[in-house]
Amino acid sequence: SKGRSMYGVNTLGRKHVLVLGSRSAIGRKFIDALEAAGLVPVAVSSQACDLLSEASVDGLIESLLCHTGRWLFAVQLSTTYGMRDVAMARNVAEIVDKLSIPRLVFVSSWVVMFDPSVTSTSYIRAKKACEDFYKARWADQPGRVRIVRPSVVVGDAAL
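I will try to describe carefully the structure that is included in this document. Computed from a predicted structure; not experimentally measured.

## Let's talk about helix 1 (residues 25-36)
Part 1 of the reasoning: In this model, helix 1 (twelve residues) spans 17 Å end to end at C-alpha, consistent with the 16 Å of a helix rising 1.5 Å per residue.
Part 2 of the reasoning: What helix 1 keeps buried is the set Gly-27, Ile-31 and Leu-34. Down the axis of helix 1, the buried set is contained in an arc of 60°. They therefore lie on one face.
Part 3 of the reasoning: Residues of helix 1 that are buried make contact with strand 1 (16-20), strand 2 (40-44) and strand 3 (71-76).
Part 4 of the reasoning: Directly after helix 1, the chain includes Gly-38, whose backbone phi takes a positive value near 85°.

Set out below in structure tokens:
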């Protein structure tokens, strides 16, 4: 029903956050934190939407149009760990634009700040390319993209 999540909780009047990459350890913890803050996470895993497929992305957009006007931001945690992330970024930008989501938080890596000759892996090159893409995409909209560069991401197990 309108205004209710799948868990039967009334979500009318509460801000929604689109979480792309919700099944990862960090995704699950992020969703818990959003809920604790009184926000409504809209979790999207790779099983729910292939962010590399335009048809799948179009289907996701169509299914989320009912949330228009309720979005606070989107967060991209999803990754392919390689250069396909750049194609994914293009599709994520389309989602953000078509759903009128005011801000995207892109989770990158702190290593992108290092000399590329030292950190020349496809994962780091992809993260840097995605950062560059998002900055260029919304160059005329300061604050539309926020880039987070965590130094260490740890799941439930201790180091």
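From this point, the narrative continues.
## Comments concerning helix 2 (residues 54-64)
Part 1 of the reasoning: Of all the residues in helix 2, the buried ones are Val-57, Leu-60, Ile-61 and Leu-64. Down the axis of helix 2, the buried set is contained in an arc of 100°. They therefore lie on one face. Those residues of helix 2 that are exposed and aimed more than 90 degrees away from the buried face are Ala-55 and Glu-62.
Part 2 of the reasoning: Structurally, helix 2 contributes buried residues whose contacts are with strand 1, strand 2, strand 3 and helix 3 (84-98).

## Some words on the packing of aromatic side chains
Part 1 of the reasoning: This structure, assessed with the given rule, holds five aromatic pairs.
Part 2 of the reasoning: An aromatic cluster is built from Phe-106, Phe-133, Tyr-134 and Trp-138, whose rings are joined through pairwise contacts.
Part 3 of the reasoning: Arg-90 extends its terminal NZ or CZ atom over the ring of Phe-133, reaching a point 6.0 Å from the ring centre.

## What about the sheet that holds strand 1?
Part 1 of the reasoning: Taken in spatial order, the five strands line up as 2-1-3-4-5 in an open sheet, and their pairing is parallel. Two strands close off the open sheet at either side, each with one partner strand: strand 2 and strand 5 (145-148). If you compare each strand with its neighbour and ignore which way they point, the axes differ by 20° on average.
Part 2 of the reasoning: Strand direction decides the pairing type here: strand 3 and strand 4 (residues 104-107), joined by three bridges, are parallel. Bridging across to strand 4, Gln-76 finds its partner in Phe-106.
Part 3 of the reasoning: Lying over the sheet, helix 3 contacts strand 1, strand 3 and strand 4, oriented at roughly 175° with respect to strand 3.

## Side note on unusual backbone geometry
Part 1 of the reasoning: With phi around 65°, Tyr-81 is a residue other than glycine that occupies positive phi space.
Part 2 of the reasoning: For Tyr-81, the location among the structural elements is in the loop between strand 3 and helix 3.
Part 3 of the reasoning: Positive phi values are uncommon outside glycine, yet Ser-100 reaches one of about 55°.
Part 4 of the reasoning: One can find Ser-100 in the loop between helix 3 and strand 4.

## Examining the nonpolar core
Part 1 of the reasoning: With 28 residues, the main nonpolar core has Leu-18, Leu-51, Val-92, Ile-95, Leu-104 and Tyr-134 as its most contacted residues.
Part 2 of the reasoning: With seven residues, the top contributor of residues to this core is helix 3.
Part 3 of the reasoning: Residues contacting Ile-95, with those up to four places away along its chain left out, are Leu-18, Leu-51, Val-57, Leu-60 and Ile-61.
Part 4 of the reasoning: Counting residues in each nonpolar core, the second largest holds ten residues, with Leu-34, Leu-39, Phe-73 and Val-105 among its members.

What counts as what
- Residues numbered from 1 in each chain as written.
- Predicted model: local features only at pLDDT ≥ 70, side-chain atom pairs only at ≥ 80, totals over all residues.
- Heavy atoms only, no water.
- Helix = DSSP H or I, 4+ residues; strand = E, 2+ residues; numbered from the N terminus.
- Expected span 1.5 Å × (residues − 1).
- Buried < 20%, exposed > 50% of the residue type's maximum accessible area, 1.4 Å probe, protein only.
- Arc of directions from axis to C-beta.
- Contact = heavy atoms within 4.5 Å.
- Phe/Tyr/Trp six-rings, centres within 6.5 Å; stacked < 30°, edge-to-face > 60°.
- Lys NZ or Arg CZ within 6 Å of the ring centre and 35° of its normal.
- Pairing = 2+ DSSP bridges.
- Axes fitted to C-alpha atoms, helices over the stretch in contact; angles between N-to-C directions.
- Core = buried A, V, L, I, M, F, W, Y, C linked by side-chain atoms within 4.5 Å.

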